[in-house]
Amino acid sequence: MIRFDKVGFRYDSGPDVLNDIDFELKAGSYHFLTGPSGAGKTSLLSLMYLGHRPTRGNLFMFNQNVGTLPRERLYEIRQKIGIVFQDFRLLGHLSAFDNVALPLRILKRPEKEIRNNVTELLDWVGLGDSKDKLPPTLSGGQQQRIAIARAVITRPKLLLADEPTGNLDDAIGFRLMNLFEQLNRMGTTIVIATHNTHIMEKYGHPRMILAHGNLTLDEHRNKAEETAQGPLTANIKTGTLKHAS
Amino acid sequence: MQADSDPVTSGMIRRLLRLVLGSKGYDLPFKSDTDRNFLLLLVALMSFLAVLACAGTLTLHAMTQRWSSGLENKITIEVKAETPNGEILSPESVKLDTEKIAGMLEGNLAIKSYQVMNEVEIKKLVSPWIGEDFSFDEIPMPGLIAVELSAATPETLETLTQKVLSVAPSARIETHREWLQDILRFVKTLQGLAFLVAMIVVVTTITAISSGVRSRMAIYRNQVEILHLIGAPDPYIARQFQWHAVIVSLLGSVIGTAAGLAVATLIFHLSGKDETALIPEIGLNYGQIAAFIILPLLACLISGTTARFTVLRTLSQMP
Ligand SMILES: Nc1ncnc2c1ncn2[C@@H]1O[C@H](COP(=O)(O)OP(=O)(O)O)[C@@H](O)[C@H]1O
Ligand SMILES: [Mg+2]
């Protein structure tokens, strides 16, 4: 699904941010991407959502080499990806509703379907009453929930979230994490950048650790943790979206 | 939701955009940017100039058509009433020479028609210059024949001149060619000028639209990038700028074209007052006025295409 083949990256003529990144993520997998601030988490994600091109090496997304795919076809890949940006990147002049509806409108879905789906999702993330408000008038946590709703509204094949729980108090944070779990169970591949160890430990997915531009995968440790957290995992598996509310 | 210094145009542009792109098809902010008003004014001005240039060209074309077809094949043969050395010829001898020439013209294939002018006609012709109550008995009357040729080629004129001179050495052939040619050359220059104005109008519009679009894209860079990253194909983004440019140009161009037509009609109306034989009645007919609808459409086409092309080129710099 995603394959990094000796990928290196730097911004313009700056220093290398990522060195020889080599890894492969299977469809349906769920990973945390962690590492200290400035380690390159956001940069790595932006390579995946095609916000930047690798400086060196080959990047395969959905089994297609991004480097050789003609530019006019890259949007097809982007449309399969839901992104929660670290700084949300909402359109400030559009209502919460229209922000969440945007990816569907780009896909030219019928307006009636858009209205139903968006309303339902906004209700679910607890923003039903704020759907006509403009993002700048909402709190950081509310904006983040809009950003998350916009990322998942199309049921993307791949969800990339950059510190998506940073502005959320724990109750809402866990509720959204449970949304990600559910999406993952329905087949969405997920990569979440976070340095919230509490969340990583609670959900126990394998971690990719970035440090000094190098990536290490820590599958083994997380396998152990997953078993240690048996009851919770079971809870997630049987639970519905409601259980964390 | 946006403070807007110009609610009337903004409201209209917004409504038209909604109409074209669907009720929710426009994702960019709707700030009152001075650059849009500048574009509106510029397109209006350019359309105004284009109308005047086109109206001028059309009129000149109509005028030259008439002059050429009306005068090009016409010549006048004058039998002078005095010899080059000042000797006055008798009216009888003038009349005789005139009739001889007329006889020679009769049956000549190169001649379409001719008319020997009688005294009354000649008097009518010259009276504007010398006054109505001038006694014509005091000056010797020349003989005049108005001739229409089938085709005024230089060869025909040459042979005709020889023949006329052999019959009556004091006769002179006057063509309208020389001054007509001068006028036609002048008119061609004017038409070239009008074409130049039209070209300048088009180039200016294209330049202004593309720089306007680039600055709009810079203003909305963040929004454009978001649309791009969440999967909007380039044409989706281009459409937003394209229709904005089309609608602004449509408004500007309709205003400019209407103003141009009004001014052109006024000018024609005023200059039509001293209509003479040489300056045929000028002005635009209804068909021509209707044809000016093409102008706003052309303005929309130019600005839409320019905007689209500019956006696509700018977007191609993004990964
Ligand atoms: N747009 C940018 N231009 C230049 N350098 C950048 C840019 N974004 C991030 N960097 C640099 O790249 C490095 C990695 O940053 P980032 O990917 O944001 O790390 P993280 O998300 O882990 O905090 C940092 O040194 C940062 O200064
Ligand atoms: Mg970051």
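All values derive from a computational prediction rather than experimental measurement.

Q: Can you explain the overall build of chain A? Please cite residues and give values.
A: Looking only at helices and strands, chain A features nine helices and 10 strands. Split into buried and exposed, the 245 residues of chain A put 54% on the buried side. Restricting the contact set of chain A to residue pairs at least 6 apart, pairs at least 24 apart contribute 69%. Summed over all atoms, the accessible surface of chain A reaches about 10800 Å², with 50% contributed by carbon and sulfur.

Q: Help me get a handle on the pairing of strand S10 (residues 214-218) of chain A, residues and values and all.
A: Residue and element names in this part refer to chain A. Pairing geometry for strand S9 (residues 207-211) and S10, over five bridges, is antiparallel. Bridged to Leu-210 within S10 is Leu-215. Once S9 ends, the chain turns through two residues before running back antiparallel as S10, passing His-212 with a positive phi of about 50 degrees.

Q: Could you give an account of the packing of helix H8 (residues 234-271) of chain B against helix H10 (residues 294-315) of chain B, naming the residues involved and the relevant values?
A: All names here are of chain B. For the pair H8 and H10, the least separation of the axes is 7 Å and the interaxial angle reads 150 degrees. The pairing of H8 with H10 is recorded here as roughly antiparallel in orientation. Note that H8 runs across H10; the crossing there is right-handed. By residue class, the composition of the contact of H8 with H10 is 16 nonpolar, six polar and two charged.

Q: Run through the sheet that holds strand S1 (residues 2-10) of chain A, naming residues and quoting values.
A: Residue and element names in this part refer to chain A. An order of S2-S1-S4-S5 is seen for the four strands of this open sheet, with the pairing classed as antiparallel. At either end of the open sheet lies a strand with only one pairing partner, and these are strand S2 (16-25) and strand S5 (64-65). Inspection of the sheet shows strand S4 (residues 56-61) paired to S5 by two bridges, in the antiparallel sense. Following the sheet pairing, Phe-60 is matched in S5 by Asn-65.

Q: Can you explain the interface of chain B and chain A? Please cite residues and give values.
A: In this assembly, 24 residues from chain B lie in contact with 26 residues from chain A. Between chain B and chain A, the buried area comes to about 2200 Å², and carbon and sulfur atoms account for 63% of it. Put simply, Glu-225 of chain B and Arg-89 of chain A hold a salt bridge, and the shortest N to O gap is 2.9 Å. Where chain B touches chain A, the interface holds nine residue pairs in polar contact (both at pLDDT 80 or more). When contributions to the side of chain B that touches chain A are tallied by element, the ones reaching two or more residues are helix H7 (221-229) and H8 of chain B. Per-element accounting of the side of chain B that touches chain A gives the leading share, seven residues, to H7 of chain B.

Reading the values: rules and limits
- Starting from 1, residues in each chain are numbered consecutively following that chain's sequence as written.
- Chain letters and ligand numbers both follow the written order, the letters beginning at A and the numbers at 1.
- With pLDDT at 70 or above as the cut-off, local features in this predicted model cover only qualifying residues; side-chain atom pairs require 80 or more to be listed or tallied, and sums for whole chains, interfaces and linings still use all residues.
- Remark: hydrogens and water are excluded; side-chain values derive from all non-hydrogen atoms of the structure.
- Secondary structure follows DSSP: runs of H or I at least 4 residues long count as helices, runs of E at least 2 residues long count as strands, and numbering of each begins at the N terminus.
- Each residue gets one of three labels from its accessible area relative to the maximum for its type: buried under 20%, exposed over 50%, partly exposed in between, using a 1.4 Å probe on protein chains only.
- Should any heavy atoms of two residues lie within 4.5 Å, those residues are considered in contact.
- Here the open area of atoms and residues is found with the Shrake-Rupley method and a 1.4 Å probe, where only the protein chains shown may cover a residue.
- Being paired, for any two strands, means DSSP has found at least two bridges between them.
- To get an axis, fit a line to the C-alpha atoms, keeping to the stretch in contact for a helix; angles then go from 0 to 180 degrees between the N-to-C directions.
- When an angle is under 35 degrees it counts as roughly parallel; over 145 it counts as roughly antiparallel; between 65 and 115 it counts as roughly perpendicular; any other value is oblique.
- Crossing handedness follows the turn of the near helix against the far one: under a right angle anticlockwise gives a left-handed crossing, and clockwise gives a right-handed one.
- Each residue gets one of three labels, nonpolar for Ala, Val, Leu, Ile, Met, Phe, Trp, Tyr, Cys and Pro, charged for Asp, Glu, Lys and Arg, and polar for the others, Gly among them.
- Buried area is a sum: the accessible area each of two parts loses on coming together, probed at 1.4 Å, counted once for each and added.
- Criterion for a salt bridge: a side-chain nitrogen of Lys or Arg within 4 Å of a carboxyl oxygen of Asp or Glu.
- Residues adjacent in sequence count toward polar contacts only when both atoms are side-chain atoms; beyond that, a polar contact is any pair of N or O atoms within 3.5 Å, and within protein one must be able to donate a hydrogen and the other to accept it.

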